[in-house]
Amino acid sequence: MNMDYAGSKSDATSALRFDNRFVRALPGDPVPDNVPRAVRKALYTRVAPTPVAAPRLLAWSDELGAQLGIARPEPEGPMADVFAGNRLLPGMEPYAARYGGHQFGHWAGQLGDGRAITLAELIAADGTRQELQLKGAGRTPYSRTADGRAVLRSSLREFLCSEAMHWLGVPTTRALSLAATGEPVVRDMFYDGNPEPEPGAVVCRVAPTFVRFGNFQILAATKEFDELKQLAEHVMREHFPGIGSVEDWFREICRRTGLLMADWMRLGFVHGVMNTDNMSILGLTIDYGPYGWLEGYDLAWTPNTTDAEGRRYCYGNQPHIAQWNLARLAEALAPLVPKTEPLGEGLALYAETFTRAWSKALAAKLGLSALDQPGDEELVTDLFELLASAETDFTLFFRNLADPTVDSLRVAYYGEDLPRERLQAWLARYAARAKDEAGRVERMHAVNPKYVFRNYLAQQAIDALAAGDASVLERLMRVLRTPYDEQPAESDLAARRPEWARNRPGCSALSCSS
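What you are looking at is a predicted structure, and each value in this text was computed from that prediction instead of being measured. (Residues numbered from 1 in each chain as written. Predicted model: local features only at pLDDT ≥ 70, side-chain atom pairs only at ≥ 80, totals over all residues. Heavy atoms only, no water.)

Draft legend 1. Summary view of the side chain of Asp277. With respect to the secondary-structure elements, Asp277 resides in the loop between strand S11 (269–270) and strand S12 (292–293). At 5.1 Å, Arg212 is the nearest oppositely charged side chain to Asp277, a buried residue that forms no salt bridge. Ignoring anything within four residues of it in the chain, the contact list for Asp277 reads Tyr99, Gly100, Gly101, His102, Gln103, Leu111, Arg212, Gly214 and Asp287. (Helix = DSSP H or I, 4+ residues; strand = E, 2+ residues; numbered from the N terminus. Buried < 20%, exposed > 50% of the residue type's maximum accessible area, 1.4 Å probe, protein only. Lys, Arg positive; Asp, Glu negative; His and termini not counted. Salt bridge = Lys/Arg side-chain N within 4 Å of Asp/Glu carboxyl O. Contact = heavy atoms within 4.5 Å.)

Draft legend 2. Main features of the nonpolar core. The biggest cluster of nonpolar side chains holds 126 residues, and the ones touching the most others in it are Phe216, Trp249, Ile281, Trp293, Leu401 and Phe453. Counting residues per element, this core draws most heavily on helix H7 (residues 246–267), which supplies eleven residues. Not counting the four nearest positions on each side in its chain, Trp293 is found in contact with Cys161, Met165, Leu168, Leu267, Gly268, Phe269, Trp301, Val452, Phe453 and Arg454. Phe18, Val52, Leu64 and Ala84 belong to the second-largest nonpolar core, a separate cluster that totals 34 residues. (Core = buried A, V, L, I, M, F, W, Y, C linked by side-chain atoms within 4.5 Å.)

Draft legend 3. Representation of the packing of aromatic side chains. All told, the structure shown has 21 aromatic pairs when counted by the stated rule. Note on Trp60 and Phe83: the rings are 5.4 Å apart at their centroids and 65° apart in plane angle, and the pair reads as edge-to-face. With a gap of 23 residues between them, Trp60 in strand S3 (residues 56–60) and Phe83 in helix H3 (residues 78–84) connect regions that are remote in the sequence. For Trp60, a relative accessible area of 3% puts it in the buried group. Taking 5.9 Å as the distance between ring centres and 80° as the angle between the ring planes, the aromatic pair formed by Phe397 and Phe398 counts as edge-to-face. Overall, Phe398 belongs to the buried group, its relative accessible area being 1%. Taken together, the ring pairs in this structure connect Tyr297, Tyr315, Phe384, Phe394, Phe397 and Phe398 into an aromatic cluster. Cation over ring: Arg312 sits above Trp324, and NZ or CZ is 4.6 Å from the ring centre. Positioned above the aromatic ring of Trp324, the side-chain terminus of Arg328 is 4.5 Å from the ring centre. (Phe/Tyr/Trp six-rings, centres within 6.5 Å; stacked < 30°, edge-to-face > 60°. Lys NZ or Arg CZ within 6 Å of the ring centre and 35° of its normal.)

Draft legend 4. Broad picture of the environment of Gly193. Among the secondary structure elements, Gly193 is positioned in the loop between strand S9 (174–187) and strand S10 (196–207). Measuring from C-alpha to C-alpha, the distance between Gly193 and Leu68 comes to 43 Å, with 125 residues separating the pair along the chain.

Draft legend 5. Main features of unusual backbone geometry. The residue Lys223 is not glycine, and still its phi comes out positive at about 60°. Judged by its relative accessible area of 59%, Lys223 is exposed. In this structure, Gln487 takes a positive phi of about 45° despite not being glycine. Inspection of the secondary structure assignment puts Gln487 in the segment after helix H16 (471–480). Since its relative accessible area comes to 18%, Gln487 is described here as buried.

Draft legend 6. Layout of the pattern of salt bridges. One pass over the full model with this rule turns up 45 salt bridges. As a salt-bridge pair, Arg475 and Asp492 come within 2.6 Å of each other at their nearest N and O atoms. One end of the pair, Arg475, is in helix H16; the other, Asp492, is in the segment after H16, with 17 residues separating them in the sequence. Since its relative accessible area comes to 44%, Asp492 is described here as partly exposed. Sharing partners across several salt bridges, the network here consists of Asp19, Arg21, Arg24, Glu121, Arg129, Arg237 and Glu238.

This is the structure:
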């Protein structure tokens, strides 16, 4: 690996401890060449980040840094070099993971970390074990024909949305830093044959593990059953203490995934590319690509231009796709169990978990203790039909429903065709149902955010940062840290999408290009 290690730790890093159990416990690629190729009988390939021309830190998560025990570095200097991929600290053992996956429903074979490189497993200040992973860190054997780099627009979106989702209370990977590379990256943003250079960037992602469904799928597909067993035992031992069987472990994965889908749906979040290689084994939101937030309520909406025709990963389809992906994971784990019936029971548990969690989330969004009274099902059904009858902002509607009046909810409608009579009729039914709910307003505000990381806000931050202005990003970071609070001085960030952003690139639908 052509990478310089820092000769000694500075005061800022002297307390950092690395313990790289993944590479110590599991078989690595015996071939050292960093060239695109098929890898066999291995879980990872040791590879160092490719240094960049002019590393500079653009953004930093102070809260996550404190959890990890890493102080905010200077914009330029030794630690900026580390988080841009130009330097390793003693104890770091970088690698790219091998995995496969189903992409848009079709088996894609070997995929792997084509531009992400895990630096190390850090023993954090809070005692947890966290992987530090650089995305956009250069080529690996899994890069295929790509350059292993990432552009500023996608890196900023991942950095900020990871942290925003955490503060919304959604299980997610985190993001510690965003660094500029000082090098252009050529990308065809719209896949229309017009590639252009864009600013390059690297984001440092953080999670207990980045193992995903696809890590198991590739081993099952190539009949590497010894390695499959080793990986399953390692993940259970390190990340699922107290679970001793594959069957029980799969049930827990299904349970966590069901809860995650309920979180996505309650917030109107659309992942956009739910391939099996983008599904975390821990039940975390992972791999922020062409995601988006429902603005006009539409079950068929997808932020991914690649999915515009089939809409496989649209908002309303996400719970079904998660179960489909879990079924593919069950197929990969089948060689490890004597009977597959318990895996089917895990899939049933997913459905039960999601159904219960979604019902509970809807009740909370409506300020009700439960949806258990006669007429509740019709009340909810009619509500979603009402939302779909006109372009209605999902986030604003539920936030303002705490004051159930037509005047309060007018702000949630994009057009002039407010369905006033239908809305008034439904609000009367809702008010009657909710009249005895103590503390309703406070409880609704605790689950219906005022602020979400809308795509047009992301694009404004990208444009400003590309011009050297970090203030837009910093303001968003500050506001999104408390998304359920009123923050009256920041209310312009809670406004519905402006008309100028309806069809502007990056403000609504996005491609997978990054």
